[in-house]
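Commentary on secondary and tertiary structure
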Amino acid sequence: MIYYFSGTGNSKWVAEELARLTCDTAVSIADIVRSGGHAEVPEGQPVGLVFPVYAWLPPEIVSSFVSELSADKDAYRWAVCTCGDDAGRAMEKLSKKFSLTSAWSLRMPNNYIRSFDTDPEDTVREKIRGAKQRLKQIAQDILERKKVWDIQSGRLAGLKSALIGPAFNKFARDDKPFYSELSCTGYGLCESLCPADNIRLEGGRPIWLGHCLQCLACIHRCPERAIEYGKETKGKGRYYFSEKYLD
Ligand SMILES: Cc1cc2nc3c(=O)[nH]c(=O)nc-3n(C[C@H](O)[C@H](O)[C@H](O)COP(=O)(O)O)c2cc1C
Ligand code: SF4
């Protein structure tokens, strides 16, 4: 079984590609959590995890999911993290909670528009094409149950994961700065796609309920580009994974 978390579709695509290439099944962690369910992997079955890196750590929803995950200790356990640039020690941190046999990082288009802008379209295409190629090798390694640790950690990885990651989770996940512009039509895509059920429409406009994961899907997916996070996202690009980038 392959469990994934994804905000803007990169990790979902990776999980589904790997499921296709290894004849496995990809399941959304957010769907399991929202349904109040619990995942139990049959004895001996391999377990895969796919998730985006958030401030050089795994997203909290992924860390708490794996802490509860019942899986055979001797089974083949692997994970792939997607990141705009580098993963820091995210995988090592995850492996402390759920010991991994193998792990890979994969560069994918950046969606963190609170600090940066989106990648230019040629970079988006180059990253996705590169990832598609790399996934073939990763799938082969998974099928052969290889022991691999292939992570782009980046500079000052230990420091970033030890200091910036926890500080991000503590101080930067506030959802009060979210707002919708007058161009909001009350279409409600944000409400239905939020993986944390953190958005409700009131009077035809979204309100945020205080338990945001900062996946930024609501901002990136709004068809009217009506959602902003304070001043940080104003004038920045929007990104959501699409197969069109492979054309
Ligand atoms: C809150 C947040 C923090 C992020 N932190 C990092 C980071 O530390 N390093 C990095 O390379 N990319 C970082 N990114 C970029 C994402 O990891 C990357 O775009 C990822 O592929 C998004 O996956 P998704 O489309 O499945 O949500 C961050 C994105 C978000 C939303
Ligand atoms: S409110 Fe927006 S950023 Fe926060 S979890 Fe939901 S979709 Fe993601």
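Counting of residues starts from 1 at the beginning of each chain's written sequence and follows it residue by residue. The lettering of chains begins at A and the numbering of ligands begins at 1, in the order of writing. Since the coordinates come from a predicted model, pLDDT governs what is reported: local features require at least 70, and pairs of side-chain atoms require 80 or more to be given and counted, while whole-chain, interface and lining totals use all residues.

Remarks on the overall build of the chain
If you tally the helices and strands in the chain, you get 8 helices and 10 strands. Against the 2.2 N^0.38 benchmark of 18 Å for 247 residues, the chain shows a C-alpha radius of gyration of 18 Å, consistent with a compact globule. Reported as C-alpha extents along the three principal axes, the dimensions of the chain are approximately 55 × 40 × 35 Å. Any residue with 12 or fewer other C-beta atoms within 10 Å of its own C-beta is exposed, any with 20 or more is buried, and the rest are partly exposed; the C-beta atoms used are placed from the backbone. The buried share of the chain, taken over its 247 residues, is 39%. Sequence-distant contacts in the chain: of pairs separated by 6 or more residues, those separated by 24 or more amount to 72%. Runs of E in the DSSP output that reach at least two residues are strands. Runs of H or I that reach at least four are helices, and both are numbered from the N terminus. Atoms counted for the radius of gyration: C-alpha only. Globule rule: 2.2 Å times residue count to the power 0.38. Residues are treated as contacting if the C-beta atoms built from their backbones sit within 7 Å of each other.

Some words on the sheet that holds strand β6 (residues 149-150)
The strands making up a sheet associate through hydrogen bonds between their backbones, and the pairing can be parallel or antiparallel. Pairs of strands are assigned from DSSP output, requiring at least two bridges between the strands. An order of β2-β1-β3-β4-β5-β6 is seen for the 6 strands of this open sheet, with the pairing classed as parallel. Looking at strand neighbours, the two that pair on one side only are β2 (26-28) and β6, the edges of this open sheet. With 3 bridges connecting them, strand β1 (residues 2-4) and β2 associate as parallel partners. Bridged to Tyr4 within β2 is Ser28.

Overview of the site of ligand 2
In the region of ligand 2, 15 residues are neighbours, and Cys194, Cys212, Leu213, Cys215 and Cys218 sit closest. Note on residue classes: Ala, Val, Leu, Ile, Met, Phe, Trp, Tyr, Cys and Pro are nonpolar, Asp, Glu, Lys and Arg are charged, and everything else, Gly too, is polar. Across the shell around ligand 2, the residue classes break down as 11 nonpolar, 3 polar and 1 charged. Any residue whose C-beta atom, as set from the backbone, lies within 6 Å of a molecule or strand is reported as near that molecule or strand.

Some details on the site of ligand 1
Within the structure, ligand 1 sits among 25 residues, and Gly7, Asn10, Ser11, Pro52 and Cys83 are positioned closest to it. Contributions of two or more residues to the shell around ligand 1 are made by α1 (10-22) and β4 (77-83). In terms of residue class, the shell around ligand 1 is built from 12 nonpolar, 11 polar and 2 charged. Note that the domain bounds were set by an automatic or database domain assignment. There are two domains that each give the shell around ligand 1 at least three residues, and those are domain 1 (2-169) and domain 2 (172-246).

A short note on the pairing of strand β3 (residues 47-52)
Of all the 6 residues making up β3, 6 are buried; the element is thus mostly covered by neighbouring parts of the structure. Pairing of β1 with β3 involves 3 bridges; the strand directions are parallel. Bridging across to β3, Tyr4 finds its partner in Val50. Note that β3 and β4 share 6 bridges and pair parallel. In the sheet register, Phe51 faces β4, and the bridge partner there is Cys81. Orient the strands so they point away from the viewer; a crossover is then right-handed if the path from the first strand over the helix to the second runs clockwise. Following the chain from β3 across helix α3 (residues 60-68) to the adjacent parallel β4, one finds a crossover that is right-handed.

Considerations on unusual backbone geometry
Positive phi, normally seen in glycine, also occurs at Trp56, with a value near 60 degrees. Looking at the element boundaries, Trp56 is found in the loop between β3 and α3. Look at Gln214: it is not a glycine, yet its phi comes out positive at around 65 degrees. Turning to its location among the elements, Gln214 is positioned in the loop between β9 (205-208) and α8 (217-221).

Re the packing of α1 against helix α5 (residues 121-143)
Lines fitted to C-alpha atoms define the axes, with helix axes restricted to the stretch in contact, and inter-axis angles between N-to-C directions lie between 0 and 180 degrees. Between α1 and α5, the shortest axis-to-axis distance is 9 Å and the interhelical angle comes to 50 degrees. Comparing their axes, α5 and α1 come out oblique. Like other packed secondary-structure pairs, α1 and α5 cross with a definite hand, here right-handed. In this structure, α1 contributes Val14, Glu17, Leu18, Leu21 and Thr22 to the contact, and α5 contributes Ala131, Leu135, Lys136, Ile138, Ala139, Ile142 and Leu143. Each residue belonging to the contact of α1 with α5 can be placed in one class, and the counts come to 9 nonpolar, 1 polar and 2 charged. An angle below 35 degrees is treated as roughly parallel, one above 145 as roughly antiparallel, one from 65 to 115 as roughly perpendicular, and anything else as oblique. Throughout, a crossing is termed right-handed when the near helix is turned clockwise from the far one, and left-handed when it is turned anticlockwise from it by less than a right angle.

Looking at the domain arrangement of the chain
Looking at the assigned domains, one finds that the chain contains domain 1 (2-169) and domain 2 (172-246). Taken over C-alpha atoms, the centre of domain 1 sits 23 Å from the centre of domain 2. Taken together, the contact pairs 23 residues of domain 1 with 21 residues of domain 2. Looking at the side of domain 1 that touches domain 2, the elements with two or more residues in it are α1, α2 (29-34), α5 and α6 (157-171). No other element matches α5, which puts 5 residues into the side of domain 1 that touches domain 2. Here the side of domain 1 that touches domain 2 is built from residues that sort into 10 nonpolar, 7 polar and 6 charged.

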